[in-house]
Amino acid sequence: MTTDPIVRHCVSARRQSSVPDDLSLSLSRSSSYNDFNQFLDNMLGLDSSDCPQLNRHSSIEREQLDDSFHHQWEFDLQESSAGGNQKITSHNNSRDTEREQAGASKAPEVIVMPLGQWNETESIKTTHADPQSQRKLQQASMLRKIAVGFGIGKLLQCISQQQESPVSNYSWSQLQSLCAVDNFVVESVKCESSSEPGWEVTGVAMITPFLSLKIDTSSLPSDCNSRESDKVDGIRGKHVVAAITSPFPSDRSNSAAEDVSDSESLLCHLLGVLLRKLFTHGRYGVNQHHSLTDEKHQDSPANEVVQVDGPSAKKKSLENFPPAQRCVLHNNLVNAWKDSYPHVSDVDFSQGISILGHKKAISHGCSSKELQVNLRLSPLTDFGFPSNLSQLVKNLVDCGSGLFRPDDSYRSLGVAVNDMQVLLSGPSRFLFDGPPSKGNAFLGNERLYGRSKEIASLKNAFWRVASSGESESIFVGGFSGCGKTRLVLSILDSVRIAGGYAVTKKFDKMQSASPLAIVLSAFNEMCISVAKKLAGMSDENIPETLKCHTLFGPQSDTGINFNSVCFTIQQLMRVISSPSQPVLLFLDDLQWADCMSLRLMQSVLSDMKGFNCMLFVGGFRDNEVEQDHVLVEFFTTLSTFNIKTSMISLHGINTEDVNAMISDTLGIFPRTCKSLSDIVSRKTNGNPYFALEFLRSLIDRDLITYSLRDKHWKWDINQIGAENITDNVLYILTNKMSVLEDSAQTALKVASCFGIHLSVVITKKLAAAPQFHNLQSTLDQVVVKDGFMDFDGFNYRFVHDKVREAAYGLIPPVEKDQYHFIIGMALQSNFASLDEEDTSVLFATIDQINRCPPTMFRDDSQRILIANLNYEAGVKAMKCSNFVPAHAYMNAAVSLLPENSWKSHYDLSLKCNYHFAKAAYSCGYVDQAKEILDEVIEHGEGLEDKSQYMLDSYSLLVSLFYLARKDLLQAFHTCLKVLNLLGEDLPINGNVDEAELISIVTKTKTVFQEKSNEELMAHHEETSRRNIAIMQFYDQLSIVSYLAKPKICPYVMARWAHFCLTHNVSCKYTPGAFVSFSSILCCESFDEDARIACRIGKVGMLMLSRNDSAIEELPGVYLIHYVYAGSLIEPIQACVNMMRHAYEIGMQTGDPSKAAFNLSIMVAKQIKAGTNLLALKRDIGNYSKLATQYAQKQLRCNLLMMNKIVSRLIGDDREECSADEKDIPAWEESEFSLEMMTSFYLGHMERVCHKSKLWEDLDDSMKKKVPFRVIYIGFFSGLASASLYSYGKKNSQRHLSNVAKSLEILEKAANFSVWNFKNKASLLRATMLAITAEDDAVIQSEFNRAILASRSSKFVHEEGLACELAGMHYKKRGMKSLALSFFHQAELCYKSWGSHVKVRQMVRQIELMHG
């Protein structure tokens, strides 16, 4: 039989203990037996049923048990200088074998030893460590001892709550034995992977009565929202979870704040004595040899204020009373304690009183029993222990003072246990503290208090977005300082876990002149984050090489506008955001946002559903947003677009949360600062930032002081309550700033004029001015040091909006304009040159100056100087796509020009007004732009002006007319006028005869034929401004004439190409000239001219691909090429993709009109290409929303028309025509081919023929001669005529002739593109054979050829049509099985196409065939 040493030790410990028999007998035999079994289960990991002999040594159970057992335990007794440590190792042969075979990792090493021995071991570890690691070892040991104390406190708490043997029945000696050091056992585990030294405490057990407790003291992760993020010297705070195994039923709840019986007070006292032994027995602290029994101590003065919560109280002692009164008080004390403990003997009572009183005896007037005092002990701070730990132990020991217990002593074990939890979870704030200074006392507290519900709402919204892929918006409103920013930052960990991106930006009241830059910089930052993630870089400083990945930066001076910015960002979000990479965008202080920024965000959020995956969070001060604020309209607009929107309102946190915040901030126990928290909460209405600033002000006024002697914060609550302190945080901050030196106040004033942050570049520029020479040094040495601003190496940033407001308030209101002007002119005086100056410095300079009224400028020369500054800032802003600030800068520049500026400052007036008009156009202010351009043309010196601005003004004016669409004729005549002024002889009236047209087309075609492709591509880049201007206006005239004067359009295009060839002009407009001329040749016939056209078109597209500067021309070139020559030679699906690309480029580069044309033609081609109708209907709906958003009325009308066609093909034609569609005529030529296609599929053959007749009657123009349109109209016209002929309708011969004519067109077209037209030619040929031939084999062969060709070209709708027509043919011939086969095949094709109406038709045909 194996004898177990640890069991022997436990039994021996219980036999030698001083626990009287009545205490042991007061516990039931079954309870003790089960308790000890539970101890074995918990502490050793055993199943007590497998080793019943381990319980035979129990002092309670002495019966003989079976010797057989399944687990064998070996005990290695390791002797140390402190005694025998018992190392327990489990040897389960069968289980070990299984673990080894499974490759399981070795179980951690476990040690179970008595508390005293464990404490000695801890002392040895810290005493004999090398000096470098000793401090860290001491701190880790302290945390482990507190964890043990936490476990003992929980065990005693369980004892105090049991019903079976109430602790009130225990004698004093029993309580002493219960809390004796040798009555506890500690379990610890060595964690090899732990970065902290020592063993981890995992359990505590009480021997008599037996109770066990498991402790999980895992290190906490770093989290800005919890005090548990505390970490010092590599030692993190501990999250302690205790799982206690108690056989005792509890008769009351475990309330930490509940006042309990005097018996529990004695337990608190004894716990304090036990903890004191634990900490002072080891050699830790300053007085390493100072023991518990040392007589050295420091008596505190009798009058010292010893409590930090509530009124001051003097230590009470009976010796302060007269002898007679002391005797009475003593007798009263004796009687009170005897009443409380009637079972306690006189001897026990005397022993108990001796540790409850003071050491000096009461010698006068006392009875035979003297009250002895033995609590005259030095505080733990004298041993070098932290103040909070010293206070915890002292407050526990003071619980034994009876009637004389101080007010700050513990009221229950639960409160003490909670305080130990606080020490473990936040060691850097509550344990390893150093004396704070006034400047840094409250910095670093990043925890968010009282916002658990709001955090949950934000996290739930983010994960909804991540799971659904649909964007949402949440708006967080509240007063300044209520924690809006910190609330949003609390969910950044969720974004990282989801693998997404998070960007936070803040609007600035002082930078309102350039608001759009805030949003654009947010998306630029998002691009950099994506590039950094793709490059696999860490989250450290972003290198310079990633700056090229920004979306909006310096660009060419093109016509890019606000709509193009919106579209570009939409495209970005579609690419980078997805459920696997959700995006969080937080924009704070939306109350200062402008309309453009809100419109931009609305366009991104309302993008096509499912195309982006973003949670937009907007913070705003709800007390600054009235009903007429633009933000209210923004909320409404989002709702109209069905964007899920929710609101979070932040108010002040409650008193409990304020108490937790002050506790963490001051590093004191929550129970000790409750009265202070009450008054702070009342004064600040629970505003977190205001509460912290209020505390700062109390420290500055010495109403809260830090005692270096006690290492504790102290205050007099009555004095604080009596102070008349304002509840205005600005007043507090301003008062604090007003006592600073003049140089520090000046630095704060200057910084506040620039907004929430100030760059180092600006400070260096200002430091060059005499009045600001010490600005940067003052910011570093005073402002940052005093906690008003932070510095990240690049920018000085105010720690809060309210701090900046307070600093700005230092400037008297009447002096603010002058102050801004002085700063701006100081910056301007140190410019190197306008061209070389940093853009940020230029913007900062002019923003300061523009805050002043023009009356402050001393003379015209200064006004002209500032006008030039505004002009340069406006140009730079437009190059960065910041159109709103550019418009403001140009407006300021023009307003500063003198009245006779067109004469005195012509060049400046010309360029300022032109760019003003361009900025207005980019912002969508079309009427204003036209008025400005009219003034430019009126005062300009004509096209002979050496500057380019006159030509650019005419070009911009034409764009305005073209954009409006109602002034097309005026745009046409403006282009003619400019071209004639440039030397091009064009007919002013816009009319040209047929001979002239044929002549110029022939000449131009001849030149193209005479040159090879290499010769055409070999042109050198044009440098002549005149030639480039002529090409530019020919480009505009070709588009305007196509819409306004279609008959002259071929002549314009031919003249354009002829000029390009004869003058060897090669520029960004050359590809457009080539493809435009190719479109003319395509319109004539499908012969040799068409082949020449295809060659010229390919050359033009190749030139476009090689010219990077021609990106703005891409939408127009693609539009012409893929409508005309490209549609003859390239698969229609490829044409669709190219036109989609052209649409996107047009929207990005600020050409919405050409983008709209590309989109209209693209959707029409998708219908003809057999795109799935259901998906196409969804896309059309999304494109319609975009058209509405960008005010593209004509595009929306075209999309509505095509949506009706798609709905009819699906079989859902219930949608009614909208008002817009009724008001604006549809594009008639485009509608014909689609209407004929729809009518044919729905079986309306006569309607198809009627449409064909109307088509023939249209004016002969380029729009009518679009190749693909001609081919499609011929295709369905021929099929309809064949169908009518087969049914014997009237005019049969005309129908047959029309079939032959259509077949001729299709066969010619098939020679150009087998992919696009072979199946159509085969199908038309099969239908013609079906009505003219008798050979079924030939007919079936042609039908099969049409079906296979359709399938090869992926025209599922035309494959279904071929099968349907074949089935109808064989149905007439009575070939039922063959007809059924074709009908079934057609049904499958129509299902794939998404046409429910055609599927129903096929099902009906099949049912009729089955009879």
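Everything below is about the structure shown above.
The numbering scheme is per chain: residues are counted from 1 as the chain's sequence reads. Two thresholds apply to this predicted model, a pLDDT of at least 70 for residue-level local features and 80 or more for giving and counting side-chain atom pairs, whereas whole-chain, interface and lining totals are computed over all residues. Values reported for side chains reflect all heavy atoms of the structure, with hydrogen atoms and water molecules removed beforehand.

(A) Looking closely at the overall build of the protein. Counting secondary structure elements, the protein contains 60 helices and 19 strands. Only protein chains enter the accessibility calculation, which uses a 1.4 Å probe; a residue is then buried when its area is under 20% of its type maximum, exposed when over 50%, and partly exposed in between. Here the protein holds 1411 residues, and 55% of them are scored as buried. Here the analysis covers contacts within the protein between residues at least 6 apart in sequence; of these, 72% occur between residues at least 24 apart. Helix numbering and strand numbering both begin at the N terminus, where a helix is a DSSP run of H or I of at least 4 residues and a strand a DSSP run of E of at least 2. Throughout, a residue-residue contact means that at least one pair of heavy atoms, one from each residue, lies within 4.5 Å.

(B) Focus on helix 47 (residues 1132-1148). For helix 47, built from 17 residues, the straight-helix expectation of 24 Å at 1.5 Å per residue is met to within 8% by its first-to-last C-alpha distance of 24 Å. Backbone geometry just downstream of helix 47 places Gly1150 in the positive-phi region, at approximately 85 degrees. A helix is expected to reach a length of 1.5 Å times the quantity of its residues less one.

(C) Broad picture of the sheet that holds strand 18 (residues 789-791). Any two strands with at least two DSSP bridges between them are considered paired. Taken together, the three strands give an open sheet; going across it, the order is 17-19-18, and neighbouring strands pair in antiparallel fashion. Among the strands making up the open sheet, the edge pair consists of strand 17 (757-759) and strand 18. Between one strand axis and the next, the sheet turns through 20 degrees on average, direction left out of account. Bridge analysis of strand 18 against strand 19 (residues 795-798) gives three bridges, and the strand direction is antiparallel. Counted as the bridge partner of Met789 is Phe798 from strand 19. Fitted lines through C-alpha atoms give the axes, limited to the stretch in contact for helices. The angle between two N-to-C directions lies from 0 to 180 degrees.

(D) Seen up close, the pattern of salt bridges. The term salt bridge refers to a pairing of a side-chain nitrogen on Lys or Arg with a carboxyl oxygen on Asp or Glu at a separation within 4 Å. Counting across every chain of the model gives 32 salt bridges. Asp398 is the salt-bridge partner of Lys394, the closest N and O atoms lying 2.8 Å from each other. Residue Lys394 is classed as partly exposed on the basis of its relative accessible area, which comes to 35%. Exposure remark for Asp398: the relative accessible area of 11% places this residue in the buried category. A salt bridge links Glu1307 to Arg1325; its shortest N-O distance comes to 3.2 Å. Within this pair, whereas Glu1307 is found in helix 55 (residues 1292-1312), its partner Arg1325 is found in helix 56 (residues 1314-1332), the two being separated by 18 residues in sequence.

(E) Geometry of unusual backbone geometry. With an omega dihedral of -15 degrees, the bond running from Thr208 to Pro209 counts as a cis peptide bond. In this structure, Asn685 takes a positive phi of about 55 degrees despite not being glycine. Relative to the helices and strands, Asn685 is located in the loop between helix 22 (674-684) and helix 23 (688-700). A residue is classified by how much of its surface remains accessible, and Asn685, at 60% relative accessible area, is exposed.

(F) Representation of the sheet that holds strand 10 (residues 472-478) within the structure. Reading across from one edge, 11-12-13-10-14 is the order of the five strands in this open sheet, with parallel pairing throughout. Where the open sheet ends on each side, the last strands, each with one partner, are strand 11 (501-506) and strand 14 (644-650). Shown here is a sheet whose adjacent strand axes are inclined to one another by a mean of 15 degrees, direction ignored. Here helix 19 (residues 595-605) sits on the sheet and contacts strand 10, strand 12 (583-588) and strand 13 (614-620); the angle it forms with strand 13, its principal contact strand, is near 155 degrees.

(G) Structural context of the pairing of strand 13. The element strand 13 is largely enclosed, with a buried count of seven among its seven residues. Bridge count between strand 10 and strand 13: six bridges; the pairing is parallel. If you follow Phe475 over to strand 13, its bridge partner there is Gly618. Taken together, the five bridges between strand 12 and strand 13 define a ladder with parallel strand orientation.

(H) Geometry of the packing of aromatic side chains. Any two of the Phe, Tyr and Trp rings considered here, Trp counted by its six-membered ring, make a pair once their centres fall within 6.5 Å; the pair's planes then place it as stacked at under 30 degrees, edge-to-face at over 60, or tilted in between. One pass over the structure, following the stated rule, counts 29 aromatic pairs. Judged by centre distance (5.6 Å) and plane angle (75 degrees), the ring pair of Phe279 and Phe385 falls under edge-to-face. Of this pair, Phe279 sits in helix 8 (residues 262-281) while Phe385 sits in the loop between helix 10 (346-354) and helix 11 (387-397), and the two are 106 residues apart along the sequence. Owing to a relative accessible area of 2%, Phe385 belongs among the buried residues under this scheme. Grouping aromatic residues by their ring pairs yields a cluster made of Phe1240, Tyr1241, Phe1268, Tyr1272, Phe1275, Phe1276, Phe1317, Tyr1390 and Trp1393. The ring of Tyr808 carries Lys816 above its face, with NZ or CZ at 4.7 Å from the centroid. Sitting above the plane of the Phe1268 ring, Lys1165 keeps its charged end 4.6 Å from the centroid. By the criterion adopted, a ring carries a charge over it if an Arg CZ or a Lys NZ lies within 6 Å of its centre and within 35 degrees of its normal.

(I) Quick peek at the side chain of Glu187. By the element assignment, Glu187 lies in strand 4 (residues 184-189). Judged by relative accessible area, which is 3%, Glu187 ranks as buried. A distance of 2.5 Å separates a polar atom in the side chain of Glu187 from a polar atom in the side chain of Thr202. Contacts described as polar in this section are N or O atom pairs within 3.5 Å, which, within protein, must combine one atom able to donate a hydrogen with one able to accept it, while residues neighboring in sequence count only if both atoms come from side chains.

(J) A look at the packing of helix 48 (residues 1152-1169) against helix 50 (residues 1193-1210). Between helix 48 and helix 50, whose axes approach to 10 Å, the crossing angle comes to 10 degrees. Taken together, helix 48 and helix 50 sit at an angle that is classed as roughly parallel. Along its contact with helix 48, which presents Ala1156, Leu1159, Ser1160, Val1163, Ala1164 and Ile1167, the element helix 50 presents Leu1195, Asn1198, Leu1199, Met1202, Ile1205, Val1206 and Leu1209. Angles are sorted into four bins: roughly parallel if under 35 degrees, roughly antiparallel if over 145, roughly perpendicular if 65 to 115, and oblique for all others.

(K) Main features of the side chain of Thr672. As for its position among the elements, Thr672 is in the loop between helix 21 (655-666) and helix 22. On the accessibility criterion, Thr672 (2% relative accessible area) is buried. There is a polar contact of 2.7 Å between the side chain of Thr672 and the backbone oxygen of Phe669.

(L) Region of the structure containing the environment of Ser922. The topology assignment puts Ser922 in helix 35 (residues 906-922). Classification of Ser922 by relative accessible area gives buried; the value is 2%. As for Ser922 and Ser564, which are separated by 358 residues in sequence, their C-alpha atoms are 9.3 Å apart.

(M) Main features of the packing of helix 18 (residues 562-576) against helix 47. Viewed as axis vectors pointing N to C, helix 18 and helix 47 meet at an angle of 130 degrees, and their least axial separation amounts to 7 Å. Relative to helix 47, helix 18 is oriented oblique. Residues Asn563, Ser564, Phe567, Thr568 and Gln571 of helix 18 form the contact with helix 47, whose own contacting residues are Tyr1143, Glu1144, Met1147 and Gln1148. By residue class, the composition of the contact of helix 18 with helix 47 is three nonpolar, five polar and one charged. In this classification, Asp, Glu, Lys and Arg are treated as charged, Ala, Val, Leu, Ile, Met, Phe, Trp, Tyr, Cys and Pro as nonpolar, and every other residue, Gly included, as polar.

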